[in-house]
Amino acid sequence: MKIIEKLLILSICLIFTPALVVNAENEYLSVSDAYSDISFDSTIKEPNNYQIEEDLFKHSLINERDLIDESNSDNDVISSLKNTVNDRSEYGISVWNETDYISQQNGYKLYYSDLDEGQYFQARLTVPNDTSVDYDLVLYDSNFSIIKYSNLIPVSSGTSAPVEESIGYVAPSDETIYIAVWLYSSNNNSLPFTLTTAISDINDDYSGLINDNVNESFDTQLNYANFNVARKIVSPIDADWFKFTVIDDINYSKIRLLIIYNYPESTVNECEFDLYQNLATGVDNYALLNVISGNGGELTLSPGEYFLRVRSSESISNFDLNNAVTSYSIEIGPESPIEDIEIISITGPHANTVTYNEGTMLRIEADDNPSYIEIYGRATYTDDLNLTTGAYNIRLQGRALNTSYDLIGQSALATDFGQVRTNSSGYFTLRIDLKPGIGYRSYSAPLSLHHYDVVELNVRNLFDHNDIIHDTRSFYYLIYCT
């Protein structure tokens, strides 16, 4: 049967995204890293500085793609289709790519892949940094009915090229699929695209959802809550999309974005994110401006809807296919202003107040479980009525510096970390697990000699690397007696 006879009727599968409910008061993940390398790559780009052409708005894919025309000289006919499957890595992932171009408007290139039931197929189309050239991506089943498509309106922001077109699909049964690259606009084109595909036996499917494309974005539904969800990046072209809305409210003074690795010691392929705003109007129209990229931090964002893409930070050539899966959690949290942090009290195992050589301070005793220090405090700011108000949903970092390690020349072992988020009133309880102490200092008590360390505490905003807003306290750490 000719292809043209198979394509008289095309259908689009609608994707429904389930809502996630997140408890704002619960800490999702305990993290001990210092996060010293978290950063953004540039300043925030404001959407009103960029324009798009209204005639590029695409209200219906079917109107443009209702028939594949074999007479177009750019098109690969069925006899010369290219198979996108390569030999697999030890981890079961096949990655394939090709660079080509299409010269005539509505021309296309066709490729195919044979999938086994449950295999995860991904395609990414890298497009030119030229908004007059609009390549799109369409996935067909074996009858050439449309399964999915990606048809973004190209937006260029200086040296940043338009966002890639992308599709993710899990085969419900053994099947052959076809992937088409279309040239939506421009004639006499010679600018190339690069099509990359990945096929794996491991899919990023939580609750039946694949969200490789912006129109499949997780709706985080922040509503003043802290959003956390666990996901995986399973290939160099895998991507997870999320969306959130910034409202005009004091508790949205900043937005915190974090990528937290669930198994940091075994993470080989790391991730980054790209933040976008949609310049287009209308249903399913996306003209995405890259606002900023990076691996985490706090941002002051104008009110509006934002789209967040998490992707691998590794290039295809540097991506380790044999240690492919990166398990991470994404955290998106609105924050109020913060002007002050107060440590109200501290406690720990067998806590009591004593006087040693350095004066009178709280003392805790070494414990095998392990020892810890627990800090209770509050973060605040002054509101418009000049009232002290609790700082909401601020991620704080506690540092416990055992000064004895410095004294014996082992500064790298001196500091232990902990993290916590403030509650709706600004209060927090922060626990820091402590390394075994040294007992470098000593004090002669009436009946024994006490060997102890002095530990210095510091609580600060996680992203305040200059310690502008912080509070400190010291305590004795009793190691043993003789």
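As a starting point, this report considers the structure included with it.

Basis of the calculations
- Residues numbered from 1 in each chain as written.
- Predicted model: local features only at pLDDT ≥ 70, side-chain atom pairs only at ≥ 80, totals over all residues.
- Heavy atoms only, no water.
- Helix = DSSP H or I, 4+ residues; strand = E, 2+ residues; numbered from the N terminus.
- Buried < 20%, exposed > 50% of the residue type's maximum accessible area, 1.4 Å probe, protein only.
- Contact = heavy atoms within 4.5 Å.
- 1 Å grid on protein atoms, 1.4 Å probe; cavity = no way out; pocket = protein on both sides within 12 Å on 5 of 7 lines; lining within 4 Å.
- Points joined across faces, edges and corners; volume = space filled by probe spheres on them.
- Nonpolar A, V, L, I, M, F, W, Y, C, P; charged D, E, K, R; others polar.
- Patch = residues over 30% accessible without salt bridge, like charges linked within 9 Å, V, L, I, M, F, W, Y side chains within 5 Å.
- Areas by Shrake-Rupley, 256 points an atom, 1.4 Å probe, with all protein chains shown as cover.
- Salt bridge = Lys/Arg side-chain N within 4 Å of Asp/Glu carboxyl O.
- Lys, Arg positive; Asp, Glu negative; His and termini not counted.
- Charge placed at Lys NZ, Arg CZ, Asp CG, Glu CD.
- Polar contact = N/O pair within 3.5 Å; in protein donor to acceptor, adjacent residues only side chain to side chain.

Focus: the environment of Ala-180
Point 1. Assignment of secondary structure puts Ala-180 in strand E8 (residues 175–185).
Point 2. Judged by its relative accessible area of 0%, Ala-180 falls in the buried class.
Point 3. Along the sequence, Ala-180 and Tyr-111 sit 69 residues apart, while their C-alpha atoms lie 6.4 Å from each other.
Point 4. In this view, Ala-180 contacts Lys-109, Leu-110, Asp-136, Leu-137, Val-138 and Tyr-140; residues no more than four positions away in its chain are not counted.

A few points about empty space enclosed by the protein
Point 1. Inspection of every chain in the model, using the stated rule, returns 5 cavities of 30 Å³ or more.
Point 2. Put simply, the largest cavity is a space of about 60 Å³.
Point 3. Those elements giving two or more residues to the lining of the largest cavity turn out to be strand E12 (239–246) and strand E17 (304–312).
Point 4. When the residues that make up the lining of the largest cavity are grouped by side-chain class, the tally is 4 nonpolar, 1 polar and 5 charged.

A closer look at a negative patch on the surface
Point 1. On the surface, a cluster of negative charge is made up of Asp-114, Asp-116, Glu-117 and Asp-174.
Point 2. Residue Asp-116 is classed as partly exposed on the basis of its relative accessible area of 43%.

Let's talk about the pattern of salt bridges
Point 1. One pass over the full model with this rule turns up 17 salt bridges.
Point 2. The closest approach of N and O atoms between Lys-109 and Asp-100, which form a salt bridge, is 3.5 Å. Both residues of the pair, Lys-109 and Asp-100, belong to the buried class.
Point 3. Put simply, Glu-164, Glu-272, Asp-274, Arg-309 and Arg-311 are held in one network by salt bridges that share partners.

So, the side chain of Asp-240
Point 1. Within the secondary structure, Asp-240 is located in strand E12.
Point 2. Separated by 2.6 Å, the side chains of Asp-240 and Tyr-328 make a polar contact.

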